[in-house]
Every structure is written in C-alpha cells, then in structure tokens.
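Observations on the model geometry
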Amino acid sequence: LTGVPREQRAFQYLLAHAIPGDPRHVLQTFDQWCYGCEHLSCVGPLKGRIVERLLYERAPLRVLELGAYCGYGTVLLAQGLPPGARLYAVEGDPRHAAVAEKVIRLAGFDE
C-alpha cells in the first residue's frame, strides 16, 4: 500500500532499531522484523547456528554466496569467517542487491 517494497521497509526497520556495527544485533533485529512484521525469506536463528558451527569448524578462507537477497545470510557468514577470509556475495536483482549492501554496511562490514 505504501509503494515501498517490503525489503526496503525491513531495512528502514533495521535503521530504526538495530545497533550499527553490531552484526549479531542486526540479525536479531532482522529476525524480529521477519517474525513480527512481515515475512522475508532468510536463514533465521535456528539454521543460523548450524551455519555458524560449520564456519567455526571449517574456517574457510573464501566463501561464495549466490543469492544474497537482503544480506541476512551475508552478515551471518561474514561474522563467522576467520580474520583475512573473503566473502563474495552475488545478488541478481539490483533492488535486492542495493538493500543487501546497506544491511551489510549497517552490520559493520564495509568491504
């Protein structure tokens, strides 16, 4: 009804409620939005713990994410990588990529 896509509304919610530079808080705030406001397809906290465990166990130096959507998974992956690792995130939809980039930067990952 507002003409603003829900992905952008989610980002506006993050701006208003998430602590900038705190990836965990950004993800928690994203979860609050997805469970309490509008559904967005994202990993979520339960599957997120599995991803975190795998990153910890394997400590990859390079990760490729195909389909970043709004950046939730990207932030989850980035916070679990060892120092010096590189994460390459690809999103085919330019509107979603723009939101993902803003979410990633809000979480404190600038590169």
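Shown above is the structure to which this text applies.
Residues numbered from 1 in each chain as written. Predicted model: local features only at pLDDT ≥ 70, side-chain atom pairs only at ≥ 80, totals over all residues. Heavy atoms only, no water.

Below, the discussion takes up the environment of Cys 37. Looking at where Cys 37 falls in the secondary structure, it is placed in the loop between α2 (23-36) and α3 (44-58). For the pair formed by Cys 37 and Tyr 13, sequence separation is 24 residues and the distance between their alpha carbons is 9.6 Å. For Cys 37, the residues in contact, after removing those within four places along its chain, are Tyr 13 and Gln 32. (Helix = DSSP H or I, 4+ residues; strand = E, 2+ residues; numbered from the N terminus. Contact = heavy atoms within 4.5 Å.)

Here the focus is helix α4 (residues 72-80). Counting buried positions over the nine residues of α4 gives seven, a clear majority of the element. Within the span of α4, buried status applies to Tyr 72, Gly 73, Thr 74, Val 75, Leu 76, Leu 77 and Ala 78. (Buried < 20%, exposed > 50% of the residue type's maximum accessible area, 1.4 Å probe, protein only.)

Okay, a nonpolar patch on the surface next. A cluster of nonpolar side chains, namely Leu 64, Leu 66, Tyr 88 and Val 90, defines an oily patch on the protein surface of about 420 Å² accessible area. Elements represented by at least two residues in the nonpolar patch include exactly β1 (62-66) and β2 (86-90). As for its placement among the helices and strands, Val 90 is situated in strand β2. Taking the relative accessible area as the measure of exposure, Val 90 reaches 41% and is therefore partly exposed. (Patch = residues over 30% accessible without salt bridge, like charges linked within 9 Å, V, L, I, M, F, W, Y side chains within 5 Å. Areas by Shrake-Rupley, 256 points an atom, 1.4 Å probe, with all protein chains shown as cover. Salt bridge = Lys/Arg side-chain N within 4 Å of Asp/Glu carboxyl O.)

Across all of its chains, the model carries two aromatic pairs by this definition. Here Tyr 13 and Trp 33 contribute two aromatic rings whose centre-to-centre distance is 5.4 Å and whose plane-to-plane angle is 45 degrees, an arrangement assigned as tilted. Here Trp 33 lies in helix α2 and Tyr 13 lies in helix α1 (residues 6-17), a separation of 20 residues in the sequence. The class of Tyr 13 is buried, set by a relative accessible area of 18%. Here Phe 30 and Tyr 72 contribute two aromatic rings whose centre-to-centre distance is 5.5 Å and whose plane-to-plane angle is 80 degrees, an arrangement assigned as edge-to-face. Highlighted residues: Phe 30 in helix α2 and Tyr 72 in helix α4, separated in sequence by 42 residues. (Phe/Tyr/Trp six-rings, centres within 6.5 Å; stacked < 30°, edge-to-face > 60°.)

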